[in-house]
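Each chain, written out:
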Amino acid sequence: MARGAGHVGGPCDDAEMSEEQKQADNRARATTDELRTFIREDWAPRRPTVDGPADAASWAAARRAVLSAAYPKQRLVVPAGGLKVRSNDSDYVFRPHTAFAYLTGLGADREPDAVLVLEPLDDGGHEAVLYLRPLAERDSDEFFADSRYGEFWVGARPTLEDVERELGLTARHVDGLVDAVAKDAGELTVRVVRDADRELTARLDDARVENGAERESLEEADDALAHAVSLARLVKDDYEVEQMRAAVAATHEGFDAMVAELAEAVAQGRGERWLEGTFGRTARHRGNGVGYDAICAAGDHANTLHWIKNTGAVEPGELVLIDAGVEVDSLYTADVTRTLPTDGTFTEAQREVYEAVLAAQEAGLAAVRPGNKFSDVHAAAIRVVAEHLHAWGLLPEGVSVEDTLDKEHGQYHRRWMVHGTSHHLGLDVHDCALATREEYMDAELRPGMVLTVEPGLYFKADDLKAPERFRGIGVRIEDDVLVTEDGCENLSGGIPRTADDVEAWVRRLRG
Ligand code: GLY
Ligand code: MN
Ligand code: MN
């Protein structure tokens, strides 16, 4: 239904409409006082929108305590972000900013326009205050006439009391936010996570400057806060690990569902979309949705690394590379790739490439242990990739494995695997993205880190340097691993991975 259009003779969202829209006779609706009164009366008492304290609440409090200790006597501001227009009067489903989700424990579609403020206390520490747009009373126009926030349109949102009970922090109306953030910005440092809500950030910048802050210093101070939150997420707490396990379990279900639909995907035409939709149904059913757009890439499409168009057919005899992850309601996401023979049997050439990628992945997995650097995982995997390319005679004449691994002068292997082997994984699929090279690539792996190991080999159909038998074959195998005290646990290792296990899986489920 069109937002704000209302039913014939019903109310409309006058406040939000542009002059042009108000003049358009397909939208304008009269709202009389009599109608307002009629709509407002005779409703049963409201029930709370939350059951009680959220599981994530105490974990989020502990994460806030880390930040509080790092920034004594400073005000820290972390917006959730607002609704984003998809087109005209339709918004995207809301997804809060990752820093906000991490520090509040709120997930799913909560809570547009909310802002977490860590307010410094005189005797040390901070008070956590969540500014939000609470449920409007039934005597307000918002109740029935605001298609973006009103209860008639989007359902009951939480009250301030609901949120306080759920999260164990102070909740206030968002109308007080700008004053609360900026009031003494000349006297203490106020830091804002800037990219969560650009419009709000601009307003807060102006208000901070009006209250004595120097405009030139804002961005640098703010960026340090976003960086700190990104860095804090490098090592997951027990709740996060549990959520990652749930994301992987739901992703396993989604892959099983796709494998079971392989024959149908071939039969239907545009089978890549059939598989995408199949995974999407599991993702929406079991979790919040997909953590990123699924890549369902049959045949040569597998050689386009970010193939998310998914418009192609899935043909018998081909491979289909599927890179997909369920994001659970807490917003933690898995990121798994499997490359499947559509008929349940690899051809000789497909198996040859598959075994090479698997060997590279095994080498990468073996390098995931505390004490090793993050970049050692890629180094181990890419060496095996290079060895295979060398053995196949694909590197330039006279170039050895060591030569191609040389960072300055080699790297010929990148023609067939241009991407890295690993990234951190968590609330974001490419998690902790603001960490520096020293903090990420060059840093030692620590227990509690979660990362992917995902080598691949990609031989484009028109690659004349590739042996003919390999042309049009792309393989990636991607797993999500938890660094443990003495190595790692492959969280997604239960999803069939070896060539034989993949064949058996496809034959068993595809029917
Ligand atoms: N699906 C994105 C990635 O594997 O990094
Ligand atoms: Mn990945
Ligand atoms: Mn992936």
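Refer to the structure above for everything that follows.
Read on for a plain summary of the structure. All figures in this text were calculated on a predicted structure; none of them were measured in a lab.

### Observations regarding the overall build of the chain
Counting its secondary structure elements, the chain contains 17 helices and 17 strands. Over its C-alpha atoms the chain spans a radius of gyration of 26 Å, differing by no more than 12% from the 24 Å that the globule rule assigns to 511 residues. Expressed as lengths along the three principal axes of its C-alpha atoms, the size of the chain is roughly 80 × 55 × 40 Å. Counting all 511 residues of the chain, 53% fall into the buried class.

### Focus: the sheet that holds strand β10 (residues 319-324)
As summarised here, the arrangement of the 3 strands in space is β9-β10-β12, forming an open sheet in which the pairing is antiparallel. Two strands lie at the open edges of the sheet, namely β9 (295-298) and β12 (336-341), each paired on one side alone. Here the average twist between neighbouring strands, direction ignored, is 10 degrees. With 4 bridges connecting them, β9 and β10 associate as antiparallel partners. Residue Ala298 lies in a different strand from β10, and its bridge partner there is Val320.

### Regarding the coordination of the manganese ion (ligand 2)
Within the first shell, the manganese ion (ligand 2) binds the protein through Asp335 (OD), His423 (NE2), Glu454 (OE) and Glu478 (OE), at distances of 2.0 to 2.2 Å. Geometry at the manganese ion (ligand 2) is irregular, judged from its 6 donor atoms and the angles of 52 to 156 degrees they form at the metal. Here the donor residues of the manganese ion (ligand 2) share one chain and are spaced in sequence as D-x87-H-x30-E-x23-E. Look at Glu478 and you get buried, because its relative accessible area is 0%.

### Side note on the environment of Glu348
Along the chain, the position of Glu348 falls in helix α14 (residues 348-366). The class for Glu348 is exposed, based on a relative accessible area of 75%. Separated by 43 residues in sequence, Glu348 and Ala391 place their C-alpha atoms 17 Å apart.

### Here's the deal with the site of ligand 1
Near ligand 1 the following residues occur: Tyr292, Asp323, Asp335, His423, His430, Glu454 and Glu478. Residue Asp323 places a side-chain N or O atom 3.1 Å away from a nitrogen atom belonging to ligand 1. His423 places a polar side-chain atom, nitrogen or oxygen, 3.0 Å from an oxygen atom of ligand 1. Starting from 190 Å² of accessible surface for ligand 1 in isolation, the protein chains cover 88%. Along the lines of polarity and charge, the residues of the shell around ligand 1 split into 1 nonpolar, 2 polar and 4 charged.

### Quick look at the nonpolar core
One finds Leu275, Ile322, Leu340, Leu389, Leu457 and Phe459 to be the most contacted residues of the largest nonpolar core, which totals 60 residues. For this core, the element with the highest residue contribution is α14, accounting for 7 residues. Not counting residues within four places of it along the chain, the set of residues in contact with Leu340 comprises Val259, Leu262, Glu318, Leu319, Val320, Ile322, Val502, Trp505 and Val506. Among the nonpolar cores identified, the runner-up in size contains 44 residues, and Leu106, Ala226, Val328 and Leu427 belong to it.

### Structural notes on the coordination of the manganese ion (ligand 3)
Protein-derived ligands of the manganese ion (ligand 3) are Asp323 (OD), Asp323 (OD), Asp335 (OD) and Glu478 (OE), with the metal-ligand distances lying across 2.0 to 2.3 Å. Considering all 6 donor atoms around the manganese ion (ligand 3), the spread of angles at the metal, 58 to 171 degrees, places the coordination shape in the irregular class. Mapping the donors of the manganese ion (ligand 3) onto the primary sequence yields the spacing D-x11-D-x142-E. The manganese ion (ligand 2) is placed at 3.3 Å from the manganese ion (ligand 3), the two being bridged by Asp335. Separated by 155 residues along the polypeptide, Asp323 in strand β10 and Glu478 in the loop between β15 (473-476) and β16 (479-483) bring together distant segments of the chain.

Basis of the calculations
Residues numbered from 1 in each chain as written. Chains lettered and ligands numbered in written order. Predicted model: local features only at pLDDT ≥ 70, side-chain atom pairs only at ≥ 80, totals over all residues. Heavy atoms only, no water. Helix = DSSP H or I, 4+ residues; strand = E, 2+ residues; numbered from the N terminus. Rg over C-alpha atoms; globule rule 2.2 N^0.38 Å. Buried < 20%, exposed > 50% of the residue type's maximum accessible area, 1.4 Å probe, protein only. Pairing = 2+ DSSP bridges. Axes fitted to C-alpha atoms, helices over the stretch in contact; angles between N-to-C directions. Donors = N, O, S within 2.8 Å, 3.2 Å for Na, K, Ca; no water. Tetrahedral: all angles 85-135°; square planar, octahedral: opposite > 155°, others 65-115°. Near = heavy atom within 4 Å. Polar contact = N/O pair within 3.5 Å; in protein donor to acceptor, adjacent residues only side chain to side chain. Areas by Shrake-Rupley, 256 points an atom, 1.4 Å probe, with all protein chains shown as cover. Nonpolar A, V, L, I, M, F, W, Y, C, P; charged D, E, K, R; others polar. Core = buried A, V, L, I, M, F, W, Y, C linked by side-chain atoms within 4.5 Å. Contact = heavy atoms within 4.5 Å.

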